[in-house]
Number of protein chains: 4
Amino acid sequence: MPITLAGHQYGKAENRVVRIRRDRARHEIRDVNVTTTLRGDFADAYLTGDQSKVLPTDTQKNTCYAYAGEKGLDAIEDYGLALARHFVDDVAPVSGARVEIEEYAWQRVEVDGAGHDHTWVRAGAEVRTAAVVVEGEGEQQRSWVVGGVKELVVLKSTGSEFSGFLVDGYTTLQPTRDRVMATSLVANWRFTGTDVDWDATYTGIRAVLLREFATVHSLALQQTLWHMGRAVLAEFPRVAEIRLVAPNKHHLPVDLSPFGLDNHGEVFHADDRPYGLIQAVVARDDDPGAPQAWAFGAGRA
Amino acid sequence: MPITLAGHQYGKAENRVVRIRRDRARHEIRDVNVTTTLRGDFADAYLTGDQSKVLPTDTQKNTCYAYAGEKGLDAIEDYGLALARHFVDDVAPVSGARVEIEEYAWQRVEVDGAGHDHTWVRAGAEVRTAAVVVEGEGEQQRSWVVGGVKELVVLKSTGSEFSGFLVDGYTTLQPTRDRVMATSLVANWRFTGTDVDWDATYTGIRAVLLREFATVHSLALQQTLWHMGRAVLAEFPRVAEIRLVAPNKHHLPVDLSPFGLDNHGEVFHADDRPYGLIQAVVARDDDPGAPQAWAFGAGRA
Amino acid sequence: MPITLAGHQYGKAENRVVRIRRDRARHEIRDVNVTTTLRGDFADAYLTGDQSKVLPTDTQKNTCYAYAGEKGLDAIEDYGLALARHFVDDVAPVSGARVEIEEYAWQRVEVDGAGHDHTWVRAGAEVRTAAVVVEGEGEQQRSWVVGGVKELVVLKSTGSEFSGFLVDGYTTLQPTRDRVMATSLVANWRFTGTDVDWDATYTGIRAVLLREFATVHSLALQQTLWHMGRAVLAEFPRVAEIRLVAPNKHHLPVDLSPFGLDNHGEVFHADDRPYGLIQAVVARDDDPGAPQAWAFGAGRA
Amino acid sequence: MPITLAGHQYGKAENRVVRIRRDRARHEIRDVNVTTTLRGDFADAYLTGDQSKVLPTDTQKNTCYAYAGEKGLDAIEDYGLALARHFVDDVAPVSGARVEIEEYAWQRVEVDGAGHDHTWVRAGAEVRTAAVVVEGEGEQQRSWVVGGVKELVVLKSTGSEFSGFLVDGYTTLQPTRDRVMATSLVANWRFTGTDVDWDATYTGIRAVLLREFATVHSLALQQTLWHMGRAVLAEFPRVAEIRLVAPNKHHLPVDLSPFGLDNHGEVFHADDRPYGLIQAVVARDDDPGAPQAWAFGAGRA
């Protein structure tokens, strides 16, 4: 039968690992959601049901927890690299691994003006992410690390306009010189290597994204994304490429004139759907690209 | 037919009102989700389909937006009171109104070390709430205000135990002297009146809730809730009663011994379901209670 | 200190129990989400941290699974009664129990025109619910059973109007003689006793609710709810009271005239928020009411 | 600065279009969620903020509603093709369009044993999807259509095993010869052309997927996916490739022995996270592949 298994991958999704350092009075916490996926010599599991080369997804789960203890869990990029390399190096049928991690931030509870030693409150809605891909053995082994943030919800109440656009027979939108602009940003940045101060870089990129969103006078969300992406590449030489996805979360000024009121551009309806969806990829001119870093994801990072 | 309309209420749920003050260089934002519900002389709408006394829910929506402009939108308790009083006072068939509000917090984006004038990032996962009930006309009018917070996610990595509990034939749990305790707190506090500095009180109560969670050595989540509630009443004389609902979000230590590792109480699985569910009502001894403040809600606050 | 523990309750929420009958070739499945909550002599757990009377929530979980095997899991009302009675009768400090259950429906996969013996596909979006309350010992013991359905999403494309309503200064809505009406119904019906064919009654009530929604020419969603409630009470003598909550999920006709098109009342935008929210309680005239059946719920049924 | 805009796309996401045919006594309904995305000569919108070539996302929304009236909305694949071709053919700067559609199924309410003319209840949890890509002008124009289903939740209570797998130092799983297997299937199938009876094919493929899930004795979810994919290609010659993603929704047998009970393989805990994640691509041997059909999606289909 001329039908073939053209691609496959399997793993364990959403392992909810929490790692607390308690070997000191001032505890530290890392709270992550890890997804592991493996590629390799697994076709028989599909074609004949032979599982002899299949490392159970349950084992992948165990490994996530064990590594959090054995190797530690600090920067999620390092944790992802350790896991992915282990699967490729130590499990014979595995030729490639993709590990996706979401990290939830906590901040210390303030008591008497100081951060508490062992109590936290969840900080922000945003989620830090990492996607790590490792392929190949020994000298041939290659790795890609993509850091990121998602659900970074931002809003500016002026400094945004949208006008001079193309008009066709289905256009009813009026141009505006002053509007609210809001989005829930997803940004993913690919590193050129693995010798990076991951935590400092995350904090730095997040700050640059927010700064550009705030300070660029925006003629469109497209333009804002370009400025965000360009600034990250300009300031972080270890980043080769950044991909941005931004829903335009519409805040519609409400017409109060039927009630004898002037809105003064101050009262808005925050709409749910539909929303604009703007995507941009910003890269260095000389970057050859790395489709392997992005392909066949599990959708978590 | 001996069947009767024993109760009814109707309104408009989840009006997403955003109010920005732009009459100054440093803008201010309030981002809320308002639900209005009305009680009164509306039985005919049900029994015969006669709508002549029914103020459309669309009108209630309009009023939420108009009032945000006309009356302003600062503390949500005041905004809720203005809306509820309007419906009761100005719309003849309305004898009572319940307004529920959720507020989403924003913090200014930091640029060059200072908060930006007109750009914000969403702050925290938690939602501030208010439920306002107004009943009756003129001298007979009564009001109840319930402030609150929900989705306040907290975790402590020690200072919690659970032991000495009742054991029956279905008990397999082992006692523990040291565990992670985490919850997503819902707290609702009823005020004795309406002459309150709402914003300062919200900030103060939130801080007390966090402080108690952090500093009470917990023998059970029940005990922690009691301390939280008691402290709020002790420190805020305008609060008559507080209701607390706390899922016990289990963090299960992972047995790493099959891999030759000692967990050292540091690696946990954050479980989703099931979860403990602990509820407490804490009130002043001499408080007569106020079922009207809590009844027939729309579930948002 | 004149502050008191005025109310309390605790339990285990969202135990995801699946029970399959495999003692026959044609398997049967029940898929439920059970929440147990207990009331009783538990104040010390709050006030002093003394857990000696506290049956762990983990034990409640175990009991849910054990009872599914030991007692079986057929109609959720019976399963809830068995659990609630057990906690009250067999666990000394427990004076009352409330059990809330959600049930997810499955239908057999069709193979060669017949339902398969042991394979199912999830049926419908709706969730069947039951809330059971048992209070007191021996002769004094009382029970209440509330059956229900939620997320029952229905839509009719004509046979609905809304006109003749009250107009005030905030009203902009135009009357309509023909509109789409849609809702996601929540209905909860309280039984007069426990000697009921639960499954047949659920099927019957669901059919009546759908029939009334379809066949009543609606002058308002309020009127439709009244007809639904009245019909259930008229046809099911064991039902004492029914409570209905119905969001009015607005389907807004889109103005196509800017594009030279006539909508013909055929193209709609299904809006998310805000939505109308209509509530009704329909009861028998001579019913004394049963606040105990509804109070202090965990929000699942 | 050697930084470049390496990719971009923009559109309007989640237009909630409902189309009802009312030109007959027996109404027909189509309920969809449409996402349009455009590629083309839009770099200036990013680089300089010049919007003169940008068709507003608001216009794309209008077009979705207008086309539902003007062209009709029957099979979602046809509707998507009409929209995508319009954007490419009629809007000068657009060189390619990707339209993703989700469709929600409704079934007629039964009244007196017959389906009602204009009242429906939502059917099933599953969502039918289509992704249409059109690129290029005139003779050079190419189109790809991918049909699909998601959230197709299925469960079998026997006929599934998992054993003989690879064991390493992190493996604790025991083999099993009889287990519950459940998933929430996502399947996307790419057509070889556009001359297809879309609705009949959807119904047919769905039936084949369910049949294979039911009747294949499964040695692993991998094997089941292969059988599903192969059967679809064998029976539907117009399908070139099918991609399957299946979470392994674990149903864990509960150990009832501490309570003196034998589970008999009948009582399960339906776990939430983590879950296995199995992916497979099944294609015809001679198919050259079509990365354009899958690339740069908006994540809805």
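Residues numbered from 1 in each chain as written. Chains lettered and ligands numbered in written order. Predicted model: local features only at pLDDT ≥ 70, side-chain atom pairs only at ≥ 80, totals over all residues. Heavy atoms only, no water.

Naming follows an unreviewed UniProt entry, where chain A appears as Uricase of Kineococcus glutinatus. Recorded in UniProt for chain A, the comment headed Pathway (unreviewed entry) runs: "Purine metabolism; urate degradation; (S)-allantoin from urate: step 1/3." (UniProt positions renumbered as here; feature names shortened; annotations may be inferred.)

K.L.:
Please explain the packing of aromatic side chains as it appears in this structure.
P.N.:
Think of a pair of aromatic rings as described by two things: how far the centres are apart, and how the planes are tilted against each other in angle. Residue and element names in this part refer to chain A. The tally for this structure, following the rule as stated, stands at 24 aromatic pairs over all chains. Taken together, a centroid distance of 6.2 Å and an interplanar angle of 40° make the contact between Trp189 and Tyr202 tilted. With Trp189 in strand S6 (residues 181-191) and Tyr202 in helix H4 (residues 198-215), this residue pair connects regions lying 13 residues apart in the sequence. Owing to a relative accessible area of 1%, Trp189 belongs among the buried residues under this scheme. (Phe/Tyr/Trp six-rings, centres within 6.5 Å; stacked < 30°, edge-to-face > 60°. Helix = DSSP H or I, 4+ residues; strand = E, 2+ residues; numbered from the N terminus. Buried < 20%, exposed > 50% of the residue type's maximum accessible area, 1.4 Å probe, protein only.)

K.L.:
Which parts of the structure should I look at to understand the packing of helix H4 (residues 198-215) of chain C against helix H5 (residues 221-235) of chain C?
P.N.:
How two helices sit against one another is set out by the angle between their axes and by the gap between those axes. Residues and elements named next belong to chain C. Interaxial distance between H4 and H5 falls to 9 Å at its minimum, and their mutual angle equals 145°. Our pair here, H4 against H5, has a crossing hand that is right-handed. Residues Ile205, Val208, Leu209, Arg211, Glu212 and Phe213 of H4 lie in contact with H5, whose contacting residues are Thr224, His227, Met228, Ala231, Val232 and Glu235. Class assignment of the residues belonging to the contact of H4 with H5 gives a composition of seven nonpolar, two polar and three charged. (Axes fitted to C-alpha atoms, helices over the stretch in contact; angles between N-to-C directions. Left-handed = near helix turned anticlockwise from the far one by under 90°. Contact = heavy atoms within 4.5 Å. Nonpolar A, V, L, I, M, F, W, Y, C, P; charged D, E, K, R; others polar.)

K.L.:
Teacher, can you tell me more about the relation of the copies chain B and chain D here?
P.N.:
Related by rotation about an axis and a shift along that axis, the two copies of the chain form a pair. The transform that puts chain B on chain D rotates by 180° and translates by 0.0 Å along the axis, for an RMSD of 0.0 Å. A rotation of that kind, with that shift, is consistent with a two-fold axis. Among all residues of chain B, the minimum C-alpha distance to the rotation axis is found for Asp272(B), at 3.4 Å. Taken as a fraction of all interface residues of chain B, those also at the interface in chain D reach 100%, which identifies the copy contact as same-surface. (Least-squares fit on C-alpha atoms with pLDDT ≥ 70 in both.)

K.L.:
Is there a simple way to explain the interface of chain B and chain D in this structure?
P.N.:
Many analyses report the size of an interface as the accessible area lost when the parts associate. Taken together, the contact between chain B and chain D spans nine residues of the former and nine residues of the latter. With both chains or domains summed, chain B and chain D bury close to 790 Å², and 56% of this area falls on carbon and sulfur atoms. On the chain B side of the contact with chain D, Phe259(B), Asp272(B) and Arg273(B) bury the most area, a combined 52% of that side's loss. Taken together, the connections running from chain B to chain D amount to two salt bridges. For Asp272(B), the salt bridge is made with Arg273(D), and the minimal N-O distance between the two is 2.8 Å. Among the residues making up the side of chain B that touches chain D, the classes are represented as four nonpolar, three polar and two charged. (Buried area = accessible area lost by both parts, 1.4 Å probe. Salt bridge = Lys/Arg side-chain N within 4 Å of Asp/Glu carboxyl O.)

K.L.:
Please clarify how the relation of the copies chain C and chain B should be interpreted in this entry.
P.N.:
Aligned on chain B, chain C shows an RMSD of 0.0 Å; the corresponding rotation is 180° and the shift along the axis is 0.0 Å. A share of 100% of interface residues in chain C that are also interface residues in chain B marks the association as one of identical surfaces.

K.L.:
Can you walk me through the interface of chain C and chain B in this structure?
P.N.:
With 76 residues of chain C at the interface, the matching set in chain B holds 76 residues. Summed over both partners, the interface of chain C with chain B comes to about 6,500 Å²; 59% of that surface belongs to carbon and sulfur atoms. In terms of surface lost to chain B, no three residues of chain C exceed Leu166(C), Tyr170(C) and Gln279(C), which account for 12% of the buried area on that side. Joining chain C to chain B, the criterion identifies two salt bridges. The salt bridge involving Arg273(B) is made with Glu14(C); its shortest N-O contact spans 2.8 Å. Applying the counting rule to chain C against chain B returns 36 residue pairs in polar contact (both at pLDDT 80 or more). When contributions to the side of chain C that touches chain B are tallied by element, the ones reaching two or more residues are strand S1 (3-21), helix H1 (43-47), helix H2 (57-70), H5 and strand S10 (275-284) of chain C. (Polar contact = N/O pair within 3.5 Å; in protein donor to acceptor, adjacent residues only side chain to side chain.)

K.L.:
Would you mind going over the environment of Ala75(B) with me for this structure?
P.N.:
All names here are of chain B. Among the structural elements, Ala75 can be located in the loop between helix H2 (57-70) and helix H3 (76-90). The spatial distance from the C-alpha of Ala75 to the C-alpha of Glu103 is 9.6 Å, given a sequence separation of 28 residues. What Ala75 contacts, discounting residues up to four positions off in sequence, is Arg30, Arg128, Trp198 and Asp199.

K.L.:
Help me out: how do you make sense of the side chain of Asn15(C) in this one?
P.N.:
Considering the arrangement of structural elements, one finds Asn15(C) in strand S1. A distance of 3.4 Å separates a polar atom in the side chain of Asn15(C) from the backbone oxygen of Lys12(C). Ignoring sequence-local partners within four residues, the contact set of Asn15(C) consists of Pro274(B), Val32(C), Asn33(C), Val34(C), Lys61(C), Cys64(C) and Tyr65(C).

K.L.:
Help me understand the environment of Arg39(D) in this model?
P.N.:
Residues and elements named next belong to chain D. Here Arg39 lies in strand S2 (residues 28-40). When its relative accessible area of 13% is taken as the criterion, Arg39 is described as buried. In this structure Arg39 touches His8, Gln9, Pro93, Val94, Ser95, Gly96, Arg98, Val133, Glu135, Ala295 and Phe296, once residues within four positions along its chain are discounted. For Arg39, the side chain forms a polar contact with the side chain of Gln9, separated by 2.5 Å.

K.L.:
Would you mind going over the domain arrangement of chain A with me for this structure?
P.N.:
Residues and elements named next belong to chain A. Partitioning chain A into domains gives domain 1 (1-140) and domain 2 (148-301). Domain 1 and domain 2 are separated by 28 Å when their C-alpha centres are compared. Counting from both sides, the interface comprises 26 residues of domain 1 and, opposite them, 21 residues of domain 2. For the domain 1 and domain 2 pair, buried surface summed over both sides reaches about 2,000 Å², with 47% attributable to carbon and sulfur atoms. Per-residue buried area on domain 1 facing domain 2 is highest for Glu126, Arg128 and Thr129; these three make up 28% of the total on that side. Looking at the side of domain 1 that touches domain 2, the elements with two or more residues in it are strand S1 (3-21), strand S2 (28-40), helix H3 (76-90), strand S3 (94-111) and strand S4 (114-135). The leading source of residues in the side of domain 1 that touches domain 2 is S4, at nine residues. Residue classes in the side of domain 1 that touches domain 2 are distributed as eight nonpolar, six polar and 12 charged. (Domains from an automatic or database assignment.)

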